[in-house]
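Coordinates in review
Chain by chain, the residues run as shown.
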Amino acid sequence: MAIRYDQQRSVFHLQARDTSYVFHVTKQGYLPHLYWGRKVRGTQLDRLLELKERASFSPSTELDQLALSLDTLPQEYPGYGNSDFRMPAYQVMLPNGTTVTDLRYASHEIVSGKPALEGLPATYAESGKEAQTLEVTLKDEPTGLAVILSYTVFESFDAIARSARIVNNGKDTLQLQRAFSLSLDFAHDRFEMLQLSGAWTRERYAHKRKLEPGLQSVESRRGSSSHMQNPFVALLSEGATEDHGDVYGVNLVYSGNFTAGVEVDQFHTARLFIGINPFDFSWRLEPGERFQTPEAVMVHSSEGLGGMSRSFHDLYRSRLIRGTFRDKTRPILVNNWEATYFNFNADKIESIARTGQELGIELFVLDDGWFGKRDNDTTSLGDWFVDRSKLPSGLEDLVGRVKRLDMQFGLWFEPEMISPESELYRAHPDWCLHVEGRRRTQARHQLILDLSRKDVQDYIVKAVSDILSSAPITYVKWDMNRNMTEIGSALLPAERQRETAHRYMLGLYDVLERITSAFPHILFESCSGGGGRFDAGMLYYMPQTWTSDNTDAVSRLKIQYGTSIVYPVSAMGAHVSAVPNHQVGRITSLETRGNVALSGNFGYELDLTRFTDEEKETVKEQVALYKEVRHLVQFGDFYRLLSPFEGNETAWMFVSKDQSEAFVVYVSVLQEPNPKLGRLRLKGLDPNRDYKLDGQDAAYGGDELMYAGLAAPQFHGDFASRVYRFRAVE
Ligand code: GLA
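Residues numbered from 1 in each chain as written. Predicted model: local features only at pLDDT ≥ 70, side-chain atom pairs only at ≥ 80, totals over all residues. Heavy atoms only, no water.

**Focus: the overall build of the protein**
Which entries qualify depends on this criterion: The numbering of helices and of strands both runs from the N terminus, where a helix is a DSSP run of H or I of at least 4 residues and a strand a run of E of at least 2. Put simply, the radius of gyration uses C-alpha atoms, and a globule should come to 2.2 Å times the residue count raised to 0.38. Per-residue accessibility, obtained with a 1.4 Å probe over protein chains only, is compared with the maximum for each type, and a residue is labelled buried under 20%, exposed over 50%, and partly exposed between these values. Only heavy atoms enter the contact rule, under which two residues are in contact if any of them lie within 4.5 Å. Using a 1.4 Å probe, the Shrake-Rupley method yields the accessible areas, and only the shown protein chains count as cover for residues. In this count, Lys and Arg are taken as positive residues and Asp and Glu as negative ones, while His and the chain termini are left out. The location of each charge is read from NZ of Lys, CZ of Arg, CG of Asp or CD of Glu.
Helix and strand counts for the protein come out as 12 helices and 38 strands. Taking 27 Å as the expected radius of gyration for a compact globule of 730 residues, we find that the protein reaches 27 Å, a close match to that expectation. When the backbone C-alpha atoms are referred to their principal axes, the protein occupies close to 85 × 70 × 45 Å. When each of the 730 residues of the protein is scored for burial, the buried share is 63%. Expressed as a percentage of contacts within the protein between residues at least 6 apart in sequence, the contacts between residues at least 24 apart total 69%. Of the roughly 27200 Å² of accessible surface on the protein, 47% is carried by carbon and sulfur atoms. In the protein, which carries 81 positive and 97 negative side-chain charges, the distance between the mean positions of the two groups comes to 1 Å.

If you want it as structure tokens, here you go:
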């Protein structure tokens, strides 16, 4: 790892583990991008920069150097208005109402380690040796506008973290209209773009398309990263597959409105960008003020999409996620939501917890409905005190009853919300996001608290902390069940109203920082109607996320496979639920429901007391198996074998870092008559070691399992599955 500056050639060469990132400073002070990809040694990549005089439709910046045009120059942080006609990375409105600025190189600094991002989640380094950071300052002299581009390279990961800080060093107020976290120009457009898109209960399906001239992008205008799009895109070079070829992934460490995409220009170059969505955004910068963009994490892999995913997983598990649970295996839980919904009492809860304990489950989670007067979803969000009609002896008593069973206790909250039918709303009707004189649009009968306000932030911290201090709670599910409408704040002046959505995120991050650091022994799981906010921003505060409200084993194949493209399996909650499945009505075997949920943070979300003795035996076996393999599932290397987006079979596997153990999951969705034969080739094993399959005496060579494969399992019936556990022969 190193960041080098070749002064003679004015070239910056950044090296992460096996990655190089190179850019140049022209004598005019522009920053042409030269290369991002597999590691190279030299710094002379400025010779790649071929300038060519074009027609007047790509104007030149210099009269004596007609080949230099911003419209064709690959750039690190392009602007708009003075001859680059492509998608700009930033735009600032000046006091005279115009938006033309011209950033030029002023200085740079290389520091060891990685400075934190003010008020925002980000990857981190634990020591100066792990990472190096380059900060390049660009200036627009007439206005005093400065932009500091930050690049961190990591010693042990093929990852680079980028962000920008916009500073007003001038005398006048500036109005920031866009500020991306990353912009980068590829010299060609021969890529496919991969995105993760979907809907509630159908999150993060993988979609690929060939790049075409013009703009192709994804975005969220919902006030959260959303179920519909994820703040991620990857470019797959021609012929790149799961295991081979160059893949470039970018992911935003942010949970609010974003945009990400690629613009292919007239010369078939491709501009990749990601950042806060400029739609409905602006930010007022008074003299002396600064704006920090969220961080974009860039991963290059020369080993296909699988290599990219494993780099994201390793980086996020160890240098994004923080706290006590970062390196700890996570408990097996039972959650009462699909078991009881709002209809429970202390005895019912205790009976589910007792059965859970008998089956080996470690944590009971009390979901929605324990507070205020919440017998359905029309009331009480904001009233974070226990409902004595359901739990007459209080929360402490219930937690005590569960603890005495030798089970941990977890609790659900939805702290960012307010029900119009609540004591909180009657006391503070102006505490929600709203626009005076307009309808307050409800979704699930609720409004959103205005987290841009300090008083609201403090209220949430106190209300949640009071409950968490009142009983020995060891897990929290932090939910958020709607998107933003009427995005206005009662406290902001007119000229700052369009800051509300981002101020909300800053407020949320502040609240999360305060609560999670005050309760370091609590495992936090974020949730937003399942996976509506499954992003790296939330993972910085909460090491895991409820992947989807869809618990159907077959639906989960695509959801978990798609999610794994960026996010580590240790971040994905996966539960066995009842059949017919509550979301899609499908009936699948308990075995297959278990086998799919075992590939995540495992748990159950049904009434365990209703299981037959035979079913209880199956559950006991599943729980015991998970305890044996969870270190692999949560901390091993993840390999995708067969994609649910491409066929009837799905398979994936986990390999321990020392390659001594592996766990393989194989699911066949529909049974075909007279099914084809086939082989399942494994990945990631040591070719020189032999492995024993649990339950068999014979050993298989790692080489044999990877190159020749196993005979693919044959099934009778739909939704069938099988798991394999391999251990290296010592
Ligand atoms: C959301 C969550 C569910 C459950 C309900 C409770 O939909 O995703 O898991 O907690 O809220 O209302």
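**A look at the nonpolar core**
Stated formally: For our purposes a nonpolar core is just a set of buried Ala, Val, Leu, Ile, Met, Phe, Trp, Tyr and Cys residues, chained together by side-chain atoms within 4.5 Å.
With 190 residues, the main nonpolar core has Y77 and W370 as its most contacted residues. When residues in this core are grouped by element, the largest group, eight residues, is from helix α7 (residues 500-518). Those residues in contact with Y77 that sit more than four places away from it in its chain are A89, Y90, L103, L138, V147, L149, R162, A164, I166, A179, F180 and T293. Counting residues in hydrophobic clusters, the runner-up holds 23 residues, among them V655, A662, Y666 and L685.

**Observations concerning the site of the ligand**
To be explicit about the condition: The criterion for a residue being near a molecule or strand is simple. One of its heavy atoms has to lie within 4 Å of it. By the criterion applied in these results, polar contacts are pairs of N or O atoms within 3.5 Å in which, for protein atoms, one can donate a hydrogen and the other can accept it, and in which residues neighboring in sequence qualify only through two side-chain atoms. Residues were grouped as follows: Ala, Val, Leu, Ile, Met, Phe, Trp, Tyr, Cys and Pro as nonpolar; Asp, Glu, Lys and Arg as charged; and all remaining residues, including Gly, as polar.
Taken together, the neighbourhood of the ligand is formed by 13 residues, with D367, D368, R444, K477 and D549 sitting nearest. Within the side chain of K477, an N or O atom sits 2.7 Å from an oxygen atom of the ligand. When its residues are assigned to classes, the shell around the ligand shows four nonpolar, three polar and six charged.

**Looking at the pattern of salt bridges**
Between side chains of opposite charge, a pair can form as their charged atoms come close. Spelled out, the test is: For this document, the term salt bridge refers to a Lys or Arg side-chain nitrogen within 4 Å of an Asp or Glu carboxyl oxygen.
Throughout the structure, instances matching the rule amount to 55 salt bridges. Close ionic contact of E350 with R354 constitutes a salt bridge, the shortest N to O distance being 3.1 Å. In this pair, E350 and R354 are both assigned in helix α3 (residues 346-359), four residues apart and thus about one turn of the helix distant. For E350, a relative accessible area of 14% gives the class buried. Overlapping salt bridges, with partners in common, bring together E126, E130, R319, R326 and D327 in one network.

**Brief notes about the sheet that holds strand β4 (residues 33-38)**
Which entries qualify depends on this criterion: Two strands pair under a simple rule: DSSP has to find at least two bridges between them. Only the stretch in contact is used when a helix axis is fitted, and all axes are lines through C-alpha atoms; the angle between N-to-C directions ranges over 0 to 180 degrees.
The strand order across the open sheet built from four strands is β1-β2-β3-β4, with neighbouring strands paired in antiparallel fashion. Among the strands making up the open sheet, the edge pair consists of β1 (2-6) and β4. Neighbour-to-neighbour, the strand axes of the sheet open up by a mean angle of 10°, direction not taken into account. In the sheet, strand β2 (residues 11-15) pairs with strand β3 (residues 19-24) via five bridges, with the strands oriented antiparallel. Counted as the bridge partner of H13 is V22 from β3.

**Some details on the layout of surface pockets**
Put simply, the rule reads: Using protein atoms alone on a 1 Å grid, points that fit a 1.4 Å probe yet trap it form a cavity, whereas open point sets bounded by protein on both sides within 12 Å along at least five of seven lines form a pocket; residues with an atom within 4 Å of a point count as lining. Grid points are joined across faces, edges and corners, and a volume is the space filled by probe spheres set on the points.
Taken as a whole, the largest pocket holds about 670 Å³ of empty space. Along the wall of the largest pocket there are 29 residues; nearest its centre are L48, P74, F186, A187 and H188. Considering every element that reaches the lining of the largest pocket, the biggest residue donor is β4, with six residues. Of the residues belonging to the lining of the largest pocket, the class tally is 14 nonpolar, seven polar and eight charged.

**Brief notes about the UniProt feature "binding site: substrate" (unreviewed entry) in the protein**
Note the threshold: UniProt positions are given in the numbering used here, feature names are shortened, and annotations may be inferred rather than shown by experiment.
Here, the residues flagged by UniProt with the feature "binding site: substrate" (unreviewed entry) are W200, D367, D368, R444, K477, W478, D479, M480, N481, C527 and D549. Within the secondary structure, K477 sits in strand β26 (residues 475-478). Excluding anything up to four places from it in sequence, K477 contacts N335, D367, L411, W412, F413, E525, C527 and W546. For K477, the side chain forms a polar contact with the side chain of D367, separated by 2.7 Å. A relative accessible area of 5% means that D479 is categorised as buried. In contact with D479, not counting residues within four places along its chain, are W412, F413, E414, P415, E416, C527, S528 and G529.

**Considering the side chain of S660**
Looking at the element boundaries, S660 is found in the loop between β32 (649-655) and β33 (661-668). Note on S660: relative accessible area 13%, which makes it buried. Among residues more than four places away in sequence, those in contact with S660 are R689, Y691, F726, R727 and A728.

**Quick notes on helix α4 (residues 394-404)**
Among the residues of α4, those classed as buried are G394, L395, L398, V399, G400, R401 and V402. Following α4 by one or two positions, D406 adopts a phi angle in the positive range, close to 70°.

**Examining empty space enclosed by the protein**
One way to see where empty space is left: roll a probe the size of a water molecule over the atoms. Within this structure, the stated rule accounts for four cavities of 30 Å³ or more. Looking at the largest cavity, its volume works out to about 160 Å³. If you trace the largest cavity, you find 16 residues lining it, with Y30, Q75, Y77, G79 and L103 closest to the centre. In the lining of the largest cavity, the residues fall into eight nonpolar, five polar and three charged. For the second largest cavity, the calculated volume is near 70 Å³. Forming the walls of the second largest cavity are Y254, N257, I276, N277, F279, D280, F281, R498, A501 and H502.

**Considerations on the environment of G507**
Assignment of secondary structure puts G507 in helix α7. For G507, the contacting residues outside a window of four places in its chain are L451 and Q457.

**Section: the confidence of the model for the protein**
Rules: The predictor rates its confidence in each residue with pLDDT, a number between 0 and 100.
Scored by pLDDT, the protein has a mean of 97; 100% of the residues are at 70 or more. Here β1 stands out as the element of the protein with the lowest mean pLDDT, 95, in contrast to strand β15 (residues 247-253), whose mean of 99 is the highest.

**Some points on the environment of T123**
Mapped onto the secondary structure, T123 falls in the loop between β6 (104-112) and β7 (131-140). In contact with T123, other than residues within four places in its own chain, are K114, F154, A161, E295, V297, L315, Y316, R319 and L320. Engagement of the side chain of T123 in a polar contact is seen with the side chain of E295, the distance being 2.6 Å.

**Topic: the pairing of strand β12 (residues 202-210)**
Taken together, the seven bridges between strand β11 (residues 191-199) and β12 define a ladder with antiparallel strand orientation. Bridging across to β12, M193 finds its partner in R209. The loop that links β11 with its antiparallel partner β12 comprises two residues; one of these, T201, has a positive phi angle of about 65°.

**Observations concerning the sheet that holds strand β38 (residues 720-728)**
Here six strands make up an open sheet; going across it, the order is β31-β32-β33-β38-β35-β36 and the pairing antiparallel. The open sheet terminates on both sides in strands that have one partner only, identified here as β31 (637-642) and β36 (699-701). The average angle at which neighbouring strand axes cross in this sheet is 25°, direction not considered. Bridge count between strand β35 (residues 690-693) and β38: three bridges; the pairing is antiparallel. Bridging from a neighbouring strand, K692 pairs with R727 of β38.

**So, the UniProt feature "domain: Glycosyl hydrolase family 36 C-terminal" (unreviewed entry) in the protein**
The feature "domain: Glycosyl hydrolase family 36 C-terminal" (unreviewed entry), as given by UniProt, occupies residues 649-726 in the numbering adopted here. The span residues 649-726 carries 9% helix and 42% strand; its end-to-end C-alpha distance comes to 21 Å.

**Quick look at unusual backbone geometry**
P580 follows V579 through a cis peptide bond whose omega is -10°. Here P580 is to be found in the loop between β29 (572-577) and α10 (590-597). A positive phi angle, near 40°, is found at E486, a position not held by glycine. Within the fold, E486 resides in the loop between β26 and α7.

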